[in-house]
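# Examination of the molecular architecture
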Amino acid sequence: MTTEKTYTVPTMADMMAAGDEPEVLFWVGCAGSFDDRYKRVTVAFVRILNHVGIKFAVLGPEEACTGDPARRAGNEFLFQMQAMSNIQVLNGYNVKKIVTACPHCFNTLKNEYPELGGNYEVIHHSTFLQGLIDEGRIRVKDGQSFKGRKITFHDSCYLGRANKIYEAPREVLAALDADLVEMKRVKANGLCCGAGGGQYFKEPEPGNKDVNVERVQEALATGADTIAVSCPFCMTMMSDGVKNQNREDSVRVYDISELIAQGEGL
Amino acid sequence: MHILQQILFVAALAVAAWFVTKRVKLIARAINLGRPEDRTDNPGERWRTTLLVAFGQKKMFTNLLVGVMHFVIYAGFIIINLEILEIILDGILGTHRLFAPYITPIYPFLINVFEVLAFGVLAVCVVFLTRRFVARVSRLQAERHRELRGFSIPDATIILTAEIILMIAFLTWNASDSVLRDRGVGYYGDLQGVVPDFLISQYLKPLFAGFSDTALVAYERVSWWLHILGILAFAVYVTYSKHLHIALGFPNVYFSDLQPKGEMQNMPAVTKEVQLMLGLPVTTEPDGSQANDNGMQPAEATSGESTPDEIGRFGAKDVYDLKWINLMNAYSCTECGRCTAACPANITGKKLSPRKIMMDTRDRLEEIQRGWQTNGVDYKDEKSLLGDYITAEELNACTTCQACINACPININPLDIILQLRRYRVMEESQAPASWNAMFSNIENNMAPWKFSPSDRFNWAEMVNEK
Ligand code: SF4
Ligand code: SF4
């Protein structure tokens with residue numbers, strides 16, 4: 001392999017200094033920036049953006065938590081502090097359009113920032129990828145790696161029920177030419193991974209089992225060898241669940257953008 | 001004889017009306033304890049939702065069979081009410097089947113429809129009782145759901161049994177009436193040639209063949225009285241029961257949330273403080289009002305009713321701090337448990353049950369109502385929804401997944417109450433679980449919920465060209 005592609009990650013600050021503006025701001029999110037597993041999703045998505053030639057930028061060190069976990073845990077002060085500083089930064093760069101891989105960031109930026117003065121067109125990466133597929137800008141190669149593989153998709157609460165996005169991630173997966181199998185509880189009836197509402201950041205309350213174990217058991221019951229997710233928290237919860245069921249050798253958890261990147265050979 | 005019956009009937013009607021009015025006033029007053037919030041925006045969308053979800057029962061059909069069965073009861077309830085109009089007029093005027101001679105061609109058709117529905121309601125109530133007590137549908141079992149240990153199950157049993165008795169009374173009343181008509185007894189005979197046999201009750205006529213005329217008239221009168229008194233008693237009972245949803249379900253859906261399910265309501269009072277802290281210009285509300293949906297009790301609205309230290313509370317500790325729609329939700333809840341059956345926390349054995357959140361809110365309101373009745377309308381007690389009814393353990397278990405909102409057939413939002421109580425725990429009592437406090441301070445200091453240096457935030461970019 002001598003013809004290695006090089007990928008770039010421009011920041012808003014660089015762009016602005018160059019007197020340029022991106023088509024879209026990629027909001028990476030805290031998990032996308034710091035979580036070792038999820039950083040690979042960020043990278044996969046950036047490679048796709050590079051590959052199809054989308055002019056994008058990230059905030060880089062200027063990005064901060066949207067405040068979603070604080071707000072849902074009840075700390076409205078902290079949420080609004082985060083929101084307003086982020087809005088100042090975003091408005092300072094005159095951001096119009098945002099894409100993000102995190103449904104929590106997506107929901108907060110899209111539904112909760114406008115009331116505090118942040119009005120943007122916010123797109124989740126599943127919808128964004130679907131658009132690229134529809135336009136023919138992503139064409140997964142004859143699916144050698146996916147033919148005959150069973151993939152099941154886990155709906156995230158903040159993408160699905162919260163914002164009614166059920167089809168986009170499924171259509172992205174359909175482009176892989178794999179065998180998409182559905183779990184018992186899907187779409188509006190989908191079962192939470194157990195991480196939302198601040199749960200990710202504390203021990204669960206006592207019960208019979210953890211929510212992610214229940215959900216992974218349901219996913220494994222489909223016979224799929226790949227669990228596709230489109231949320232950093234779902235990613236961790238599902239991966240932990242697979243480990244809990246001692247299936248980490250045979251079952252993998254991927255973000256939809258990683259699967260596309262794999263299919264594209266990126 | 002007639003006159004006596006008429007007097008008794010009017011008296012029964014008056015007593016029922018008096019009780020119902022009293023209850024309605026009390027419930028309205030309890031709902032009005034909540035904070036004001038404008039839910040009159042977007043009437044077009046609200047009507048559309050009401051037609052689909054309330055009148056069309058859309059969300060009931062997620063479980064097709066139950067949806068169809070519930071629809072039978074619902075249609076029966078709405079349509080049989082038309083028939084009650086005739087019964088009431090007959091009762092007041094001392095007439096018998098008042099409408100029959102005037103609308104002769106459609107009268108039998110209408111009664112046939114009522115009979116079929118009555119039979120349907122009867123059958124469905126039997127199935128529903130079976131589901132509860134024989135098939136033991138999990139979400140309706142008190143052993144599995146502690147919120148059902150009180151009045152909930154007797155309540156459901158009373159309602160279902162009462163409906164069965166009412167329907168039997170209606171059908172056998174028609175049957176005995178037909179036999180009396182055939183025999184040409186008294187004014188029953190006047191309807192010969194006007195009213196034919198009806199679809200269902202004709203099969204019950206043989207039951208009455210051996211009755212004497214007198215016994216038959218007695219049966220006819222008793223079943224007529226049983227039917228109408230049963231309905232009046234039901235009307236009063238409903239105001240004490242989860243069956244209130246037959247009335248409140250409609251406004252409850254009309255005023256339900258229109259914003260995306262994942263959106264948490266803003267607190268403008270906090271916005272102001274944060275703007276001051278960040279040195280930003282303080283913006284006023286777009287609609288110019290600060291009184292609505294700001295998460296605080298406006299001082300004006302509560303003046304005279306609360307002590308000064310209760311003014312300006314962040315989040316909700318008691319029903320007074322919730323919005324009126326939360327309280328209407330509580331009175332509308334059917335205790336069906338669809339929310340709880342969908343709740344990930346409940347499914348995995350945690351204490352949280354969204355149905356319990358709604359029932360607790362209603363129980364708290366009823367406790368306040370009882371206080372008013374025994375100690376006067378300004379009565380306040382020392383209890384509160386948070387603590388005395390709902391515990392921190394329940395609140396903390398919620399993943400804010402919105403499955404409960406999605407599952408509720410009448411668009412009740414238990415999550416909204418949970419989140420307001422969480423706000424109180426965190427902002428007023430500083431009672432967040434320790435690991436949440438750690439998360440808060442990480443966000444505050446490191447701009448991320450984890451303890452990473454903010455300057456490392458962009459380090460991932462080094463990976464993009466790694467293989
Ligand atoms: S939002 Fe909370 S209460 Fe409602 S279903 Fe999800 S976890 Fe349960
Ligand atoms: S909140 Fe809705 S779903 Fe839950 S028990 Fe009440 S009526 Fe049923």
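Reading guide: rules and limits
- Residues numbered from 1 in each chain as written.
- Chains lettered and ligands numbered in written order.
- Predicted model: local features only at pLDDT ≥ 70, side-chain atom pairs only at ≥ 80, totals over all residues.
- Heavy atoms only, no water.
- UniProt positions renumbered as here; feature names shortened; annotations may be inferred.
- Helix = DSSP H or I, 4+ residues; strand = E, 2+ residues; numbered from the N terminus.
- Near = heavy atom within 4 Å.
- Nonpolar A, V, L, I, M, F, W, Y, C, P; charged D, E, K, R; others polar.
- Contact = heavy atoms within 4.5 Å.
- Buried area = accessible area lost by both parts, 1.4 Å probe.
- Salt bridge = Lys/Arg side-chain N within 4 Å of Asp/Glu carboxyl O.
- Polar contact = N/O pair within 3.5 Å; in protein donor to acceptor, adjacent residues only side chain to side chain.

As annotated in an unreviewed UniProt entry, chain B is Fe-S oxidoreductase from Spirosoma montaniterrae.

In the annotation of an unreviewed UniProt entry, chain A is listed under the name CoB--CoM heterodisulfide reductase and assigned to Spirosoma montaniterrae.

So, about the UniProt feature "transmembrane region" (unreviewed entry) in chain B. All names here are of chain B. In the UniProt entry, the feature "transmembrane region" (unreviewed entry) is given for residues 6–21, 64–89, 109–130, 151–173 and 222–240. Annotated as 100% helix and 0% strand, the span residues 6–21 places its first and last C-alpha atoms 22 Å apart. Segment residues 151–173 splits into 96% helix and 0% strand. End C-alpha atoms: 32 Å apart.

Residue and element names in this part refer to chain B. Close to ligand 1 lie 13 residues, the nearest being Cys343, Cys398, Cys401, Gln402 and Cys404. For the shell around ligand 1, the secondary-structure elements that each account for two or more residues are helix H18 (403–407) and helix H19 (414–428). Residue classes in the shell around ligand 1 are distributed as 10 nonpolar, 3 polar and no charged.

Glancing now at the site of ligand 2. All names here are of chain B. The immediate surroundings of ligand 2 are formed by Cys333, Thr334, Glu335, Cys336, Gly337, Arg338, Cys339, Arg355, Met358, Cys408, Pro409 and Ile412. Only helix H13 (338–342) and helix H15 (354–375) provide two or more residues apiece to the shell around ligand 2. Among the residues making up the shell around ligand 2, the classes are represented as 7 nonpolar, 2 polar and 3 charged.

With 74 residues of chain A in contact, the opposing surface of chain B contributes 61 residues. Approximately 6000 Å² of surface area, both sides summed, lies buried where chain A meets chain B, with 65% of it carried by carbon and sulfur atoms. Between the two partners, chain A and chain B, sit 2 salt bridges. For Arg457(B), the salt bridge goes to Glu63(A), with nearest N and O atoms at 3.1 Å. Counting the contacts that link chain A with chain B gives 31 residue pairs in polar contact (both at pLDDT 80 or more). Broken down by secondary-structure element, the contributors of at least two residues to the side of chain A that touches chain B are helix H2 (29–34), helix H3 (36–52), helix H4 (68–73), helix H5 (76–92), helix H6 (103–112) and helix H9 (211–220) of chain A. Here the side of chain A that touches chain B gets 9 residues from one element, more than from any other, and that element is H5(A). Classifying every residue of the side of chain A that touches chain B gives 31 nonpolar, 24 polar and 19 charged.

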